[in-house]
Amino acid sequence: MTSGKLLRQLVKAAAEGNPRSLEDAISQVVHEERDKQHHLLANDLERILYGMGGKAGDNLKNTYGVVPSDKERGLDLLEIFEPARSLNDVILSEQNKKIVDRVIVENNQRALLKSFGLKPAQKILFYGPPGCGKTVTAEAMASDLSLPLVLVRIDSVISSYLGETAANLRRVFEFIRGQTYVVLFDEFDSLAKERSIAGDHGELKRVVNAFLQMLDAYKGDSILIAATNHEALLDNAIWRRFDEIIPFKYPSKAQIKELVSKKLKSVRRDFDMDDAKLIGSLSKKSHADIERVIIRALKDMVLGGGQFLTLKHLNEAIKLDQSRNA
């Protein structure tokens, strides 16, 4: 809550029509909100104060400083997003939900833990098949913590120049140390591959060693999330660096029903959500696959002039999806 003194200053500046005093007061509010880790609110206030003027991404860069880039190619090493989805939009197993909820509670109560000499979980590993919610969960955690989401661009970080990949990683860690974010290292196996794999040259070993050192040395307040579809490729030394390790799997029948119900909540249909044949036909599919099937079925309904979504629409969409993946 903004202090009474600052509220009086805001109202007085507005009443007097004093733009300089008003700007100063709003700047103080922004500073207070950042101190409270309310980064999304602070961003909104800054954009109102200074005007949108340009693309949202450009404003985010201005808000958080100069985004680090690869020196050889000039490519941005990361992107900063304001998360749009919350945990209410994510379908998680009960066990995963408990872990994610605990990480959020610990980071929201960082000061309390610190008073007892404790630290919140900050280094999290997500692993499992593609399309099963790893990226969406990272975004949802950022939303629930009112933090920006930083996506590390692995394609930009990895360089063909000797030593430049480790240098790019160092630039990323230096940048995220200055603010509090949820930082996602997607396709993490590209940076932390098993060092004993035959045929790999010494540069890979140097990159893994450098990453381990930076991870161990990191003392900032950001939450670092590494995500991989290929956990078997990870170096053995990586696993013990994480405070929490969360496996993502294909959704269970109960999760499929929950996902279908959520996506079709406002859609008129002529079938029961508990239809065993429908749930069975969607098993062994990822969350992303199921969403794609539902969207395709809805498009067919609309383009066909239908008033109700039918099992036929869904079954046709499932067949198309199977042929796509064949």
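Everything numeric here is computed off the predicted structure, so don't read it as measured data. (Residues numbered from 1 in each chain as written. Predicted model: local features only at pLDDT ≥ 70, side-chain atom pairs only at ≥ 80, totals over all residues. Heavy atoms only, no water.)

Novice: Is there a simple way to think about the environment of Glu194 in this case?
Specialist: Inspection of the secondary structure puts Glu194 in the loop between β4 (182-185) and α10 (202-217). Here the alpha-carbon distance between Glu194 and Leu234, two residues 40 residues apart in the chain, equals 5.1 Å. Every residue in contact with Glu194, bar those within four places of it in the chain, is listed here: Leu204, Leu233, Leu234, Asp235 and Asn236. (Helix = DSSP H or I, 4+ residues; strand = E, 2+ residues; numbered from the N terminus. Contact = heavy atoms within 4.5 Å.)

Novice: So what exactly am I meant to see when it comes to the packing of aromatic side chains here?
Specialist: The relative placement of two aromatic rings is captured by the distance of their centres and the angle of their planes. Counted by the stated rule, this structure contains 9 aromatic pairs. Taken together, a centroid distance of 5.9 Å and an interplanar angle of 15 degrees make the contact between Phe175 and Tyr181 stacked. Just as Phe175 is buried, Tyr181 falls in that class too. Pairing Phe188 with Phe242 gives two aromatic rings, centres 5.9 Å apart and planes at 80 degrees, and the pair type is edge-to-face. With a gap of 54 residues between them, Phe188 in the loop between β4 and α10 and Phe242 in the loop between α11 (236-239) and β6 (244-247) connect regions that are remote in the sequence. Given the relative accessible area of 10%, Phe242 is considered buried. Members of the aromatic cluster, each reached through a chain of ring pairs, are Phe173, Phe185, Phe188, Phe211, Tyr218 and Phe242. One residue, Arg268, lies across the ring of Phe308, its end atom 5.0 Å from the ring centre. (Phe/Tyr/Trp six-rings, centres within 6.5 Å; stacked < 30°, edge-to-face > 60°. Buried < 20%, exposed > 50% of the residue type's maximum accessible area, 1.4 Å probe, protein only. Lys NZ or Arg CZ within 6 Å of the ring centre and 35° of its normal.)

Novice: What is the right way to read helix α7 (residues 134-144) from this model?
Specialist: Owing to its 3.6 residues per turn, the α-helix aligns residues three or four sequence positions apart on the same side. Taken residue by residue, α7 has Lys134, Thr137, Ala138, Glu139, Ala140, Met141 and Ala142 as its buried positions. Among the structural elements, α5 (94-108), β2 (123-127), β3 (149-152), β4 and β5 (223-228) are those in contact with the buried residues of α7. Positive backbone phi, approximately 55 degrees, marks Ser146, located one or two places after α7.

Novice: What is the right way to look at the packing of helix α14 (residues 287-303) against helix α15 (residues 311-324) in this model?
Specialist: Geometrically, a packed helix pair is captured by the angle between its two axes and the distance between the axes. The N-to-C vectors of α14 and α15 enclose an angle of 130 degrees; their axes lie 8 Å apart at closest approach. Classed by the angle they form, the pair α14 and α15 counts as oblique. Crossing of α14 over α15 shows right-handed handedness. Of the residues in α15, those in contact with Asp289, Arg292, Val293, Ile294, Arg296, Ala297, Asp300 and Met301 of α14 are His313, Leu314, Ala317, Ile318, Leu320, Asp321 and Arg324. Here the contact of α14 with α15 is built from residues that sort into 8 nonpolar, 1 polar and 6 charged. (Axes fitted to C-alpha atoms, helices over the stretch in contact; angles between N-to-C directions. Parallel < 35°, antiparallel > 145°, perpendicular 65-115°, else oblique. Left-handed = near helix turned anticlockwise from the far one by under 90°. Nonpolar A, V, L, I, M, F, W, Y, C, P; charged D, E, K, R; others polar.)

Novice: Would you mind going over the pairing of β5 with me for this structure?
Specialist: The side chains of a regular strand alternate, first on one face of the sheet and then on the other. In terms of burial, β5 is largely enclosed, as 6 of its 6 residues are buried. In this structure, β4 lies alongside β5, joined through 4 bridges in parallel fashion. Bridge pairing in β5 links Val183 to Leu224. (Pairing = 2+ DSSP bridges.)

Novice: Explanation requested: the nonpolar core in the structure shown.
Specialist: The nonpolar side chains of a soluble globular protein tend to be buried with one another. Counting 36 residues, the largest nonpolar core has Phe173, Phe185 and Phe188 as the members making the most contacts within it. Taken together, the elements giving at least two residues each to this core come down to β1 (78-81), β3, α8 (154-157), α9 (164-176), β4, α10, β5 and α11. Counting residues per element, this core draws most heavily on α10, which supplies 8 residues. Setting aside anything within four residues of it in sequence, one finds Phe185 in contact with Val152, Leu169, Val172, Phe173, Leu191, Phe211, Ile225, Ala226 and Ala227. If you look at the next biggest cluster of nonpolar residues, it comprises 25 residues, including Leu92, Val100, Ile104 and Leu147. (Core = buried A, V, L, I, M, F, W, Y, C linked by side-chain atoms within 4.5 Å.)

Novice: Is there a simple way to explain α15 in this structure?
Specialist: Given a rise of 1.5 Å per residue, 14 residues ought to cover 20 Å, and the 20 Å separating the end C-alpha atoms of α15 matches this to within 8%. Those residues of α15 that fall on the buried side of the exposure criterion are His313, Leu314, Ala317, Ile318 and Asp321. Buried residues in α15, looked at end-on, bunch into an arc of 130 degrees, giving them a common side. For α15, the exposed residues set more than 90 degrees away from the buried face come down to Lys312 and Lys319. Buried residues in α15 make contact with α13 (276-281) and α14. (Expected span 1.5 Å × (residues − 1). Arc of directions from axis to C-beta.)

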